[in-house]
Amino acid sequence: GGGGFIGSEGTQAEEEIIEDNLPTLWSNSTVVHFCQWVTSTHPWQNFILLIITANVITMMLAKFPPDVVLDDLLEYVNRTFLAIFVVEMMVEIVSRGPIGYWKNASTAFDGFVVVVSLIETALLVAQGDSSGSALQALRTLRLFRVLNKFASRNPRIAILLKSMVGTAKALRYWLVLFFLVLYICTLMWMHFF
C-alpha cells in the first residue's frame, strides 16, 4: 500500500525498519510471522475497513432523546466492535512489535482510539448506566479511522487529505475564530429558540 493519512502503512521500507527494530527472538517467532501474514492480507484489511464503516453507521443511528431498545442494541453492537478493534490492535502489536506499533503514526492513532474507547467502556460499566460520559465525544475519532484506512490504500486520497491538513494548519487562527463564532451562534440559537 501507499502512504496513509496519518503516517504510512505497509510500505516495503517501513516493513524493513520494523524488522530491523524487532528483537531477534521476537521476529523469529511463528506467532509473529503469522500475525504479519494476517495483517498483510487483503481480506483482513477489507474486514477491518468494513467493521470500521459499520461502526460509523451505528454511531450515526444514535439519537436524542435515546430510544431505549435501540440504545441498548447500539451499546451491545458498540462493545462487539470494540472487541474486534482490540483484537486488531493486539494482532498489529504482535506483528509490528510494541515499539514499531507506537512509532507508526497511523497505528498509534488507531491504538489511541481503541484505548480511549476501552477507558470509556470501563467507566460506563463502573457507573452502571450508559448515560453520556465526556469520553463518548471521543468516539467520533473512529470516523477518522475510516479516512486513515482509505488513505493508506489509495495514494491519491492520501495526497488530498495531506493537502487538506496542510491548508488547515495554514488557516489555524482563522479556524479558531470560526469555531468560536460558531460556538457563540449555537449558544444564542439554543437560548432564543
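Along each chain, numbering runs from 1 in the same order as the chain's sequence is written. Given that the model is predicted, a residue must reach a pLDDT of at least 70 before its local features are reported, and side-chain atom pairs must reach 80 or more before they are shown or counted; all residues, however, enter totals for whole chains, interfaces and linings. Hydrogen atoms and water are omitted, and side-chain values are computed over all heavy atoms in the structure.

A.B. asks: So what exactly am I meant to see when it comes to the overall build of the chain here?
C.D. replies: For the purposes of this entry, the term helix denotes a DSSP run of H or I that reaches at least four residues, the term strand denotes a run of E that reaches at least two, and both are numbered from the N terminus. Counting its secondary structure elements, the chain contains ten helices and zero strands. Buried positions account for 33% of the 193 residues belonging to the chain. The contacts of the chain with a sequence gap of at least 6 include a subset with a gap of at least 24, amounting to 68%. Split by element, the accessible area of the chain, about 12300 Å² in all, is 73% carbon and sulfur. Note on classification: 1.4 Å probe, protein chains only; a residue is buried when its accessible area is under 20% of the maximum for its type, exposed when over 50%, partly exposed between these limits. In this analysis, two residues are considered to be in contact whenever any of their non-hydrogen atoms come within 4.5 Å of each other. Where accessible areas are quoted, they stem from the Shrake-Rupley method and a 1.4 Å probe; at the residue level, only the protein chains shown are allowed to cover.

A.B. asks: Looking at this structure, I do not really get the nonpolar core. What am I missing?
C.D. replies: Where a protein is soluble and globular, its nonpolar side chains tend to be buried together. To form a nonpolar core, buried Ala, Val, Leu, Ile, Met, Phe, Trp, Tyr and Cys residues must be joined to one another through side-chain atoms within 4.5 Å. The biggest cluster of nonpolar side chains holds 15 residues, and the ones touching the most others in it are W44, I52, F85, M89 and V91. Counting only elements with at least two residues in this core, the list comes to α3 (30-40), α4 (42-60) and α5 (68-96). The residues touching F85, leaving out its near neighbours within four places in the chain, are I51, I52, N55, V114, R142 and R145.

A.B. asks: What should I look at first to understand the confidence of the model for the chain in this one?
C.D. replies: Each residue carries a pLDDT value, the predictor's own confidence for that position, ranging from 0 to 100. For the chain, per-residue confidence averages 80 on the pLDDT scale, and residues scoring 70 or more make up 81% of the total. This model gives residues 1-9 a pLDDT under 50, and the stretch forms 37 contacts once residues within four places in sequence are excluded.

A.B. asks: Please clarify how helix α8 (residues 141-153) should be interpreted in this entry.
C.D. replies: One turn of an α-helix holds 3.6 residues; hence residues three or four places apart share an orientation. Between the first and last residue of a helix there are one fewer steps than residues, each counted as 1.5 Å, and that sum is the expected span. Taking 1.5 Å of rise per residue, 13 residues should cover 18 Å, and α8 covers 19 Å from first to last C-alpha, within 8% of that figure. Looking at α8, one finds that the buried residues are L141, R142, R145, V146, N148, K149, A151 and S152. As for α8, its buried residues are in contact with α4, α5, α7 (105-127) and α9 (155-170).

A.B. asks: What's the story with the packing of aromatic side chains in this structure? I'm lost.
C.D. replies: Here a ring pair, both rings aromatic, is described through the centre-centre distance and the interplanar angle of the planes. When the centres of two rings from Phe, Tyr and Trp lie within 6.5 Å, Trp using its six-membered ring, the rings pair. Their planes under 30 degrees apart give stacked, over 60 give edge-to-face, and anything left gives tilted. Applying the stated criterion to the full structure yields four aromatic pairs. A centroid spacing of 6.0 Å and a plane angle of 35° characterise the contact between F34 and W37, whose relative ring orientation is tilted. Here the residue F34 and the residue W37 both occupy positions in helix α3, the gap between them amounting to three residues, near one helical turn. Taken as a pair, F34 and W37 share a single burial class, namely exposed. Aromatic pair F178 and F179: ring centres 5.4 Å apart, planes at 65°, arrangement edge-to-face.

A.B. asks: Explain a nonpolar patch on the surface here, please?
C.D. replies: A cluster of nonpolar side chains, namely L177, L180, V181, Y183, I184, L187, M188, W189, M190, F192 and F193, defines an oily patch on the protein surface of about 1300 Å² accessible area. Structurally, the position occupied by V181 is in helix α10 (residues 172-192). Each patch is built from salt-bridge-free residues with over 30% relative accessible area, joining like charges within 9 Å and nonpolar side chains (Val, Leu, Ile, Met, Phe, Trp, Tyr) within 5 Å. Any Lys or Arg side-chain nitrogen located within 4 Å of an Asp or Glu carboxyl oxygen qualifies as a salt bridge.

A.B. asks: How do you make sense of α7 when you look at a structure like this?
C.D. replies: For α7, built from 23 residues, the straight-helix expectation of 33 Å at 1.5 Å per residue is met to within 8% by its first-to-last C-alpha distance of 33 Å. Capping of α7 at its N-terminal end is provided by N104; its side-chain oxygen lies 2.8 Å from the backbone amide nitrogen of S106. Of the residues flanking the end of α7, it is G128, one or two places downstream, whose phi is positive at about 85°. We define a polar contact as two N or O atoms separated by no more than 3.5 Å, with the added condition that, inside protein, one atom must be a possible hydrogen donor and the other a possible acceptor, whereas residues neighbouring each other in sequence contribute only through side-chain atom pairs.

A.B. asks: Which parts of the structure should I look at to understand the packing of α3 against α4?
C.D. replies: Helix-helix packing is described using two parameters, namely the angle between the two axes and the distance between the axes. Between N-to-C directions, angles cover 0 to 180 degrees, with each direction set by a line fitted to C-alpha atoms, over the stretch in contact for helices. Look at α3 against α4: their axes get within 5 Å of each other, and the N-to-C directions meet at 65°. On the side of α3, the interface is formed by V38, T39 and S40, while α4 contributes H42, W44 and Q45. Among the residues forming the contact of α3 with α4, the class breakdown is two nonpolar, four polar and no charged. Classification used: nonpolar for Ala, Val, Leu, Ile, Met, Phe, Trp, Tyr, Cys and Pro, charged for Asp, Glu, Lys and Arg, polar for all others including Gly.

A.B. asks: What am I meant to see in the pattern of salt bridges here?
C.D. replies: Any two side chains of opposite charge can pair, so long as their charged atoms come close to each other. Counted under the stated rule, the structure contains two salt bridges. In this structure, R79 and E75 form a salt bridge, with 3.4 Å as the shortest nitrogen-oxygen distance. Separated by four residues within a single helix, R79 and E75 lie in helix α5, roughly one turn from each other. For R79, a relative accessible area of 36% corresponds to the partly exposed category. For E75, a relative accessible area of 14% corresponds to the buried category.

A.B. asks: Where do I start with the packing of α7 against α8 in this structure?
C.D. replies: Two elements in contact, α7 and α8, have axes separated by 10 Å at closest approach and are oriented at 155°. Between α7 and α8, the angle falls in the class roughly antiparallel. For α7 against α8, the interelement crossing comes out left-handed. Within the contact between the two elements, α7 uses S106, F109, D110, F112, V113, V114 and S117 and α8 uses L141, R142, F144, R145, N148 and K149. The residue inventory of the contact of α7 with α8, partitioned by class, reads six nonpolar, three polar and four charged. Orientation labels follow simple angle bins: below 35 degrees gives roughly parallel, above 145 gives roughly antiparallel, 65 to 115 gives roughly perpendicular, and whatever is left gives oblique. Left-handed describes a crossing whose near helix is turned anticlockwise from the far helix by less than a right angle; the clockwise case is right-handed.

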